[in-house]
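One letter stands for each residue in the lines below.
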Amino acid sequence: MKKLSLIAAVLFSAIFIQSCNEPLVNETVSDELSLKSADGKKSYIVVLKDAQLETELAAVKGYEAKQQKAKSAAEKIMKRAGITDGELGFVYGSSIKGFSVKIAPGQLKKLQDDPSVSYIEEDQIITLVIPDVKIKGKPTKPAPTPPAQTTPWGISRVHGVATYSGSNKIWIIDTGIDLDHPDLNVDAASGWNFVAGTQLADDDHGHGSHCAGIAAAENNTIGVIGVAAGATVVPVKVLNRRGSGTYSAIIAGVDWVADHGVTGDVANMSLGGGFYQPINDAVIAASAKVKFSLAAGNESTDANTKSPASANGVNIYTISAMDSADKFAYFSNFGNPPVDYCEPGVSIYSTYKGGGYATMSGTSMAAPHMAGILLLGAVTKDGTVLNDPDGDPDSIGVH
Ligand SMILES: [Ca+2]
Ligand SMILES: [Ca+2]
């Protein structure tokens, strides 16, 4: 009898372990990011410099038509280089002109020698680093009862709490946005999910919803209020539920905004990695039409070593972070340029996935304050940040 129960216990453990492992295995497979094929191919971003292609792209209207043109250009270049087994990824026709492709490293030289190719960079994976996160309650289904509306300190500091009545939009290039959050005005139809390749760009991480709420949470009776309260936010999902994404997908998101955005729109990018020329070039090209607010990054280092933070231009705002006493955040990157303004980024309360709310810190939180200010209009300076480590104190930008 004793022996029997022991066998039963062992069996139960075996079954239990197996049923626990199964979903873990699926999880890994479902959004695993890989820049390498099993056959040794690697992912590269090929940036083109081709006057004829530029002319052709300028002549066609619409994202799809531009995608088709860029795709046939990519195929022509691959054929010319004698590469028959390249795996074409994203194509870019609205910001930089180019494409991402998996090829054997040995074939790289052939592509580099093509007269239409400006330069090639190996693709990279980046992951969000959030210095401090406090989630208020676990996101539940149905969504939790929202708390009564409060005004977070950052919104007051930048003279927000102005209900936005215009028709321009804020494009959140991030982990998606909680599409049915009762405190957000989300335009899901204008967005895209570059992680899954579908229209719906719901947020399964929380970070994108948090940024959206800082810029534009509604002035109602619940939750929080954003800088440009009630403005339309559009989810452009380029990072998965772990907050990871490839530069090739992030550029695809920038390319989407470059085509679908209009003058007066603002794009927020609270993400980044090491210096990477193609993403800087994509943001610079897209900023001809749309204003960009970029997080300086959370590595306590020179923002010139980070991308897209290091991109510069009249419509590009790189944002460092400060606390509620106007003190420079210990984690924030610095350096002028590229840093243009300092904004609230420590203990910021905002919307979260699943209809929830959370408190987070990071330059990720500072950038969407500026995105809201930019949507409302001109940036005014209200003092400078204290203890700026680069010795050149950043101006605090307010509405
Ligand atoms: Ca609200
Ligand atoms: Ca500075």
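Residues numbered from 1 in each chain as written. Chains lettered and ligands numbered in written order. Predicted model: local features only at pLDDT ≥ 70, side-chain atom pairs only at ≥ 80, totals over all residues.

Caption draft 1: How the structure looks around the sheet that holds strand β4 (residues 117–122). Ordered by their spatial adjacency, four strands build an open sheet running β2-β3-β1-β4, and the pairing between neighbours is antiparallel. Either end of the sheet is taken by a strand with one partner, and the two such strands are β2 (87–92) and β4. With direction set aside, neighbouring strand axes in the sheet form an average angle of 20°. Bridge count between β2 and strand β3 (residues 98–103): four bridges; the pairing is antiparallel. Bridge assignment links Glu-87 to a residue of β3, and that residue is Lys-102. (Pairing = 2+ DSSP bridges. Helix = DSSP H or I, 4+ residues; strand = E, 2+ residues; numbered from the N terminus. Axes fitted to C-alpha atoms, helices over the stretch in contact; angles between N-to-C directions.)

Caption draft 2: Highlighting the sheet that holds strand β20 (residues 348–351). What the three strands build is an open sheet, ordered β6-β21-β20; its pairing is antiparallel. The strands lining the two open edges of the sheet, one partner per strand, are β6 (132–136) and β20. When the angles between neighbouring strand axes are averaged without regard to direction, this sheet yields 25°. Both β20 and strand β21 (residues 357–361) contribute to a ladder of four bridges, which runs antiparallel.

Caption draft 3: Representation of the domain arrangement of the protein in the model. According to the domain assignment, the protein contains domain 1 (42–123) and domain 2 (126–398). Using only C-alpha atoms to locate each centre, domain 1 and domain 2 end up separated by 30 Å. At the junction of the two partners, domain 1 supplies 14 residues and domain 2 supplies 18 residues. The set of elements that each furnish at least two residues to the side of domain 1 that touches domain 2 consists of β1 (42–48), α3 (63–80) and β2. Of the residues contributing to the side of domain 1 that touches domain 2, the split by class is six nonpolar, five polar and three charged. (Domains from an automatic or database assignment. Contact = placed C-beta atoms within 7 Å. Nonpolar A, V, L, I, M, F, W, Y, C, P; charged D, E, K, R; others polar.)

Caption draft 4: Fine view of unusual backbone geometry. With an omega of -20°, the peptide bond running from Asn-336 to Pro-337 counts as cis. Omega for the bond connecting Pro-337 with Pro-338 falls within 30 degrees of zero, at 10°, which places this linkage in the cis form. One non-glycine residue with positive phi stands out, namely Asp-326, at about 65°. By the element assignment, Asp-326 lies in the loop between β18 (316–322) and β19 (339–344). A residue is classified by how many C-beta atoms lie within 10 Å of it, and Asp-326, with 17 of them, is partly exposed. One non-glycine residue, Ser-347, adopts positive backbone phi at about 55°. (Buried ≥ 20, exposed ≤ 12 C-beta atoms within 10 Å, placed from the backbone.)

Caption draft 5: The packing of helix α7 (residues 247–260) against helix α8 (residues 277–286), seen in detail. One way to put it is that α7 packs onto α8 with a least axis distance of 9 Å and a crossing angle of 5°. The orientation of α7 with respect to α8, classified from their angle, is roughly parallel. Within the contact between the two elements, α7 uses Tyr-247, Ile-250, Ile-251, Val-254, Asp-255, Val-257 and Ala-258 and α8 uses Pro-278, Ile-279, Ala-282, Val-283, Ala-285 and Ala-286. In the contact of α7 with α8, the residues fall into twelve nonpolar, no polar and one charged. (Parallel < 35°, antiparallel > 145°, perpendicular 65-115°, else oblique.)

Caption draft 6: Examining the nonpolar core more closely. Judged by nonpolar contacts, the single largest core of 108 residues is most densely connected at Ala-215 and Val-233. Counting contributing residues, this core receives three or more from each of domain 1 (42–123) and domain 2 (126–398). Apart from residues lying up to four places away in sequence, Val-233 is in contact with Ile-170, Ile-172, Ile-177, Leu-184, Asn-185, Val-186, Ala-212, Ala-215 and Ala-216. (Core = buried A, V, L, I, M, F, W, Y, C linked by C-beta atoms within 7 Å.)

Caption draft 7: Highlighting the environment of Val-262. Locating Val-262 in the fold gives a position in the loop between α7 and β14 (266–269). Separated by 31 residues in sequence, Val-262 and Ala-231 have C-alpha atoms that sit 15 Å apart.

Caption draft 8: Layout of helix α9 (residues 363–376). Its 14 residues place the ends of α9 20 Å apart at the C-alpha level, agreeing with the 20 Å of an ideal helix rising 1.5 Å per residue. Buried residues dominate α9, accounting for 14 of its 14 residues. (Expected span 1.5 Å × (residues − 1).)

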